[in-house]
Amino acid sequence: MVKRYPHIATITGETGGSLVNGEWVEGAPFSVEITGRFDPVDTNDVIRTNTDGDEVTVRGEFYTPVKKIEGATILEVPELGIKRNIICWYPWQSHNVISV
């Protein structure tokens, strides 16, 4: 039987800062491993809008059951040699799609 989510990816980013007792505390970097499936996009027809509102051409999509992780900026799949910036993270009913 084929594994639905055969890849292990590392999500890196930075948590946002916050006010603690009236003082600003800087955010901290984080790294999380998630499972999923990476599919390359071989056409320039797939365009998504990033968090800044800019339209960016998608080079691949990572399908995962993991819900959106706030502050995530980079997706890395070491076994495929892929390290790319996250454009957007779409939730669906049964899975999430990370466009890179």
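Here, the structure is the one placed above.
Now for a description of the structure that goes with this document. (Residues numbered from 1 in each chain as written. Predicted model: local features only at pLDDT ≥ 70, side-chain atom pairs only at ≥ 80, totals over all residues. Heavy atoms only, no water.)

1. As for the overall build of the protein
Along the backbone of the protein there are 0 helices and 11 strands. When the helices and strands of the protein are listed from N to C terminus, the series reads β-β-β-β-β-β-β-β-β-β-β. Judged by the C-alpha coordinates and their principal axes, the protein covers about 55 × 35 × 30 Å. Across the 100 residues in the protein, those meeting the buried criterion constitute 34%. (Helix = DSSP H or I, 4+ residues; strand = E, 2+ residues; numbered from the N terminus. Buried < 20%, exposed > 50% of the residue type's maximum accessible area, 1.4 Å probe, protein only.)

2. Some details on the layout of surface pockets
For the largest pocket, the calculated volume is near 290 Å³. As for the largest pocket, its lining consists of 15 residues, of which Thr51, Ala72, Ile86, Ile87 and Cys88 are closest to the centre. At the level of secondary structure, the elements contributing two or more residues to the lining of the largest pocket comprise strand 8 (72–77) and strand 10 (88–91). Each residue belonging to the lining of the largest pocket can be placed in one class, and the counts come to 7 nonpolar, 6 polar and 2 charged. (1 Å grid on protein atoms, 1.4 Å probe; cavity = no way out; pocket = protein on both sides within 12 Å on 5 of 7 lines; lining within 4 Å. Points joined across faces, edges and corners; volume = space filled by probe spheres on them. Nonpolar A, V, L, I, M, F, W, Y, C, P; charged D, E, K, R; others polar.)

3. Things to note about the environment of Pro6
By secondary structure assignment, the location of Pro6 is in the segment before strand 1 (7–14). C-alpha of Pro6 to C-alpha of Gly36: the two residues are 30 residues apart in sequence and 6.2 Å apart in space. Apart from the residues within four sequence positions on either side, Pro6 is in contact with Gly36, Arg37 and Glu79. (Contact = heavy atoms within 4.5 Å.)

4. Observations concerning the pairing of strand 1
Moving residue by residue along a regular strand, the side chains alternate between the two faces of the sheet. In this structure, strand 1 lies alongside strand 4 (residues 29–40), joined through 8 bridges in antiparallel fashion. Residue pairing for strand 4: Gly13 is matched across the bridge by Phe30. Examined bridge by bridge, strand 1 and strand 8 share 4 bridges and lie antiparallel to one another. Directly across from Gly13, in strand 8, lies its bridge partner Ala72. (Pairing = 2+ DSSP bridges.)

5. Re the pattern of salt bridges
Summed over all chains, the structure comprises 2 salt bridges. Asp39 is paired through a salt bridge with Arg37; the nearest N and O atoms lie 3.3 Å apart. When its relative accessible area of 26% is taken as the criterion, Asp39 is described as partly exposed. In this structure, Glu61 engages Arg48 in a salt bridge whose closest nitrogen and oxygen atoms are separated by 2.9 Å. Of the two residues, Glu61 sits in strand 7 (residues 60–64) while Arg48 sits in strand 5 (residues 47–49), which places them 13 residues apart along the sequence. Take Arg48: its relative accessible area is 23%, and that puts it in the partly exposed class. (Salt bridge = Lys/Arg side-chain N within 4 Å of Asp/Glu carboxyl O.)

Bear in mind that shape data such as this cannot, by itself, settle questions of function.
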